[in-house]
Amino acid sequence: MATIHFVNENQEIFVADGANLRLKALENQIDLYKMMAKLMNCGGNGQCGTCVVEIVEGLENLSPRTPAEERKLKRKPDNYRLACQTKVLGDVSVKTKP
């Protein structure tokens, strides 16, 4: 089991190892999207880049960046991830909508 701490929302959720960060956030009513992206996102396919999050702690407890993330986040810091492409493998702290 892993713990995801959402910093802005001051909420912790417990997930199984290997859980998808986007799915678990949405299942727990954590809003990942800004304005129009709430309606116009790719649904978790790594194509739009609107589910970007900042990893505050526990970057080593996530799956490696996917090729989709490398394309979408090439000008972003290493601790920025696409929630839809990220698997949680241990405890992590996340800031939504960086």
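Thresholds applied
Residues numbered from 1 in each chain as written. Predicted model: local features only at pLDDT ≥ 70, side-chain atom pairs only at ≥ 80, totals over all residues. Heavy atoms only, no water. UniProt positions renumbered as here; feature names shortened; annotations may be inferred. Core = buried A, V, L, I, M, F, W, Y, C linked by side-chain atoms within 4.5 Å. Buried < 20%, exposed > 50% of the residue type's maximum accessible area, 1.4 Å probe, protein only. Helix = DSSP H or I, 4+ residues; strand = E, 2+ residues; numbered from the N terminus. Contact = heavy atoms within 4.5 Å. Pairing = 2+ DSSP bridges. Axes fitted to C-alpha atoms, helices over the stretch in contact; angles between N-to-C directions. Lys, Arg positive; Asp, Glu negative; His and termini not counted. Salt bridge = Lys/Arg side-chain N within 4 Å of Asp/Glu carboxyl O.

- The protein goes by (2Fe-2S)-binding protein in an unreviewed UniProt entry, where it is assigned to Thermostichus vulcanus str. 'Rupite'.
- Quoted verbatim from the Sequence similarities (unreviewed entry) field of the UniProt record, the comment on the protein reads "Belongs to the adrenodoxin/putidaredoxin family."
- Looking at the protein in UniProt, the text filed under Cofactor (unreviewed entry) is "[2Fe-2S] cluster".

A word on the nonpolar core
The nonpolar side chains of a soluble globular protein tend to be buried, and buried together.
Part 1 of the argument: With 25 residues, the main nonpolar core has Ile4, Phe6, Leu21, Val88 and Val94 as its most contacted residues.
Part 2 of the argument: Breaking this core down by element, the ones donating at least two residues are β1 (2-6), β2 (11-15), α1 (21-27), β4 (52-57), β5 (80-82) and β7 (92-96).
Part 3 of the argument: The residues contacting Ile4, other than those within four sequence positions of it, are Gln11, Glu12, Ile13, Val15, Leu21, Val88, Val92 and Val94.

Regarding the sheet that holds β1
Part 1 of the argument: Across the sheet, five strands lie side by side as β2-β1-β7-β4-β5; this open sheet has mixed pairing. The sheet is open, and its two edges are formed by β2 and β5, each paired on a single side. Adjacent strand axes in the sheet meet at a mean angle of 35 degrees when their direction is disregarded.
Part 2 of the argument: Note that β4 and β7 share four bridges and pair antiparallel. Bridging from a neighbouring strand, Glu57 pairs with Ser93 of β7.

Considering the side chain of Arg22
Part 1 of the argument: With respect to the element layout, Arg22 can be found in helix α1.
Part 2 of the argument: Despite its burial, Arg22 remains without a salt bridge, the nearest opposite charge being carried by Glu27 at 9.0 Å.
Part 3 of the argument: Filtering out sequence-adjacent residues up to four positions away, Arg22 remains in contact with Leu32, Tyr33, Asn41, Gly43, Gly44, Ala83 and Cys84.

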